[in-house]
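Geometric and topological summary
Each chain is listed here by its residues.
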Amino acid sequence: MRPRGRTAVAALAVTLLLTTPVATAQALSTPAQASPAAAALTLPGPAGPYAVGTEVLHLTDHSRTDPWVPEAGARELMVSLHHPARSGGAGAPAPYMSTEEARLLLAERGLDGIVPAGVVSSTVTHARTDALPARGRFPLVLLSPGFNTPRATLTSLAEDLASRGYVDHAYESTGTAFPGGRVLTCAACDVAEAAPDEEAEREVLRTVSTGRAADLSFVLDRLTGPHPAWDHSRMIDRRRVAAVGHSVGGSAAASTMLTDPRVDAGADLDGTFFEPIPPSGLDGRPFLMLGTDADHHPGSADTSWDEGWQHLDGWKRWLTVEGAGHFTFTDLPALAEQLGLPDPTAPLSATRSTRITRDYVAAFLDLTLRGREQPLLDGPTAHNPEVVFQNP
C-alpha cells in the first residue's frame, strides 16, 4: 500500500524580480511601520500528518561549467531536502537561512538597516535535522524558487507538503551560503541588468529557465541514480515525480518537462514562460498554472500564459487569485505581516495566501501523483472566493 498523507516534495528557486515591481521595497509598507523587535518570526505550521525532517546536500555537476561564472568551474548546487519523518526526537528546528543570506535578501529589497538580518535568519521553522525518515515510499517534487530569491523562501510550502528537497542555484540568488563560509551572490542578475533591451533580458531569463531544468534533472539523477547522494533515497518513488516552481522556477518546471520524461507533472506559480511551451505540448502530462489575477488573467500583458495554455495537451488548470501579489505564493507575506511590512499592492492576507497556495498545490500533487480525486480542482468553491477558474 502507498502511504497516505501529504505528498513528499523537493524544490528549486527563482523570482521575476526584474519584471515584477512588487518585489521591491517600494511595494512594502513604510519603514516606520516595521516592528523588527517583536517576537521571533515563525512560519505557519504544516498541516499534514507527518513530522518533517530536513537535510542539506552540496552537489557538484562536473559535466557542466557554471553558466554565469565560468571561471568558477563546475556547476555547484545547495539542496535542501525536506522529507516525511517519524514523530518524536528532541532536535531543534532547522535554521531558516544564514545571517549573511538574510542580510543580502534584505539589502536587495531596500530593508537593510530597517530589519535586522538576525531576525529573518532566526525565523522558526518546523523541520528537524535529526528526524528519522518515515517508513514507506513517497513521490518526489522538485521545487524551484524565483530569480534572485533564496531557496528558503519556499520553506513553508515544502514543509507542508512533507517535502523532499529544495535546490538553490549558485549565482542566481541574492546570496547562497556554501560550505567553508563562501556566500555566492547573483551574478546572473548582473547579466540581466546589463541587457540592452527587454528582448535581451528575456533571453537571459530563458537561459535561467533552461539551465535550471538541467539542474533539476541533475538533482533527480543524484537522488534516484545507482549511487544516490542521499542516504535515505530509498524513500523516493521514482515513478512519481513532479516539478513545481515560483516565478522563473515555474518556467523551469515546464522547461524540465520538455527535456526530462521522468517528470510526470508540473506547476507554475506566477511565472512567465521564458521558454515557450511548444505546439507539441508536454506529451499529455498534467500542468497547473496558479498566479495573480492582476497579472495572469487571460489577455494580460504576459502573453506567455495565453500561448502556453493553448499548447498544453494534458490535464490542465489556469487559476488566478484575486488580491494576490507576485510573492503571495512564498513565505514572504507571512514574514512581512509579522514585521509590520505588508505589501499594500497585494491585500490578500498572509493567512489566505498560505492556505490557498498550500491547498491548491497539494490537491494538484495528490491528483496527479497519487491518483486521488480532488473536487477542489473541479471549479470555484465558496470557501475560496478569491480563486478564479479561467477557461479562455
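First, a word on scope: everything that follows refers to the structure included in this document.

What counts as what
Each residue is numbered by its place in its chain's sequence as written, counting from 1. In keeping with the predicted nature of the model, local features appear solely for residues at pLDDT of at least 70, side-chain atom pairs appear and are counted solely at 80 or more, and the whole-chain, interface and lining totals rest on all residues. Note that the side-chain values use all heavy atoms of the structure and ignore hydrogens as well as water. Here a pair means two rings of Phe, Tyr or Trp (six-membered ring of Trp) with centres within 6.5 Å. Their orientation is stacked below 30 degrees between planes, edge-to-face above 60, and tilted elsewhere. Helix numbers and strand numbers start at the N terminus; a helix is a DSSP run of H or I with at least 4 residues, a strand a run of E with at least 2. For each residue, the accessible area found with a 1.4 Å probe, counting protein chains only, is set against the maximum for its type, and the residue is called buried under 20%, exposed over 50%, and partly exposed in between. Only protein atoms enter the 1 Å grid, on which a cavity is a set of points fitting a 1.4 Å probe that cannot get out and a pocket is an open set with protein on both sides within 12 Å along at least 5 of 7 lines, lining residues being those with an atom within 4 Å of a point. Grid points are joined across faces, edges and corners, and a volume is the space filled by probe spheres set on the points. Whether two strands pair depends on DSSP finding at least two bridges between them. Geometry is summarised by axes, namely lines fitted to C-alpha atoms with helices restricted to the contacting stretch, and by angles between N-to-C directions that run from 0 to 180 degrees. Here the angle decides the label: under 35 degrees means roughly parallel, over 145 means roughly antiparallel, 65 to 115 means roughly perpendicular, and every other value means oblique. The sense of a crossing depends on the near helix, which, turned anticlockwise from the far helix by less than a right angle, makes the crossing left-handed and, turned clockwise, makes it right-handed. Contact between two residues is taken to exist if any of their heavy atoms lie within 4.5 Å; hydrogens are not considered. Any residue outside Ala, Val, Leu, Ile, Met, Phe, Trp, Tyr, Cys, Pro, Asp, Glu, Lys and Arg is labelled polar, Gly included; the first ten of those are nonpolar and the last four are charged.

1. Things to note about the packing of aromatic side chains
- Enumeration over the complete set of coordinates arrives at 6 aromatic pairs.
- Ring geometry for Phe273 versus Phe287: centroids 5.9 Å apart, planes at 50 degrees, classification tilted. Of this pair, Phe273 sits in the loop between strand S10 (265-269) and strand S11 (287-292) while Phe287 sits in strand S11; the two residues are 14 residues apart in sequence, bridging distant segments of the chain. The burial state of Phe273 is the same as that of Phe287; both residues are buried.

2. Describing empty space enclosed by the protein
- Tallied over the entire structure, the rule returns 2 cavities of 30 Å³ or more.
- Reported here for the largest cavity is a volume of approximately 90 Å³.
- In terms of lining, the largest cavity is formed by 13 residues, of which the most central are Ser156, Leu157, Phe329, Thr330 and Thr354.
- For the lining of the largest cavity, the secondary-structure elements that each account for two or more residues are helix H3 (155-160) and helix H10 (350-370).
- No other element matches the 4 residues that H10 contributes to the lining of the largest cavity.

3. Looking at the pairing of strand S2 (residues 51-65)
- Bridge count for S2 against strand S3 (residues 74-85) is 12 bridges, and the pairing is antiparallel. Residue Glu55 lies in a different strand from S3, and its bridge partner there is Leu81.
- Summarising the sheet, S2 and strand S4 (residues 127-128) pair through 2 bridges and their orientation is parallel. Counted as the bridge partner of Val52 is Ala127 from S4.

4. Side note on the packing of helix H5 (residues 198-224) against helix H6 (residues 248-259)
- Contact geometry for H5 and H6: axes closest at 8 Å, N-to-C directions at 60 degrees. As far as their axial angle goes, H6 and H5 are oblique. Here H5 runs over H6; the crossing is right-handed. Of the residues in H6, those in contact with Leu205, Val208, Ser209, Thr210, Arg212, Ala213, Leu216 and Ser217 of H5 are Val248, Gly249, Ser251, Ala252, Ser255, Thr256 and Thr259.
- When the residues that make up the contact of H5 with H6 are grouped by side-chain class, the tally is 6 nonpolar, 8 polar and 1 charged.

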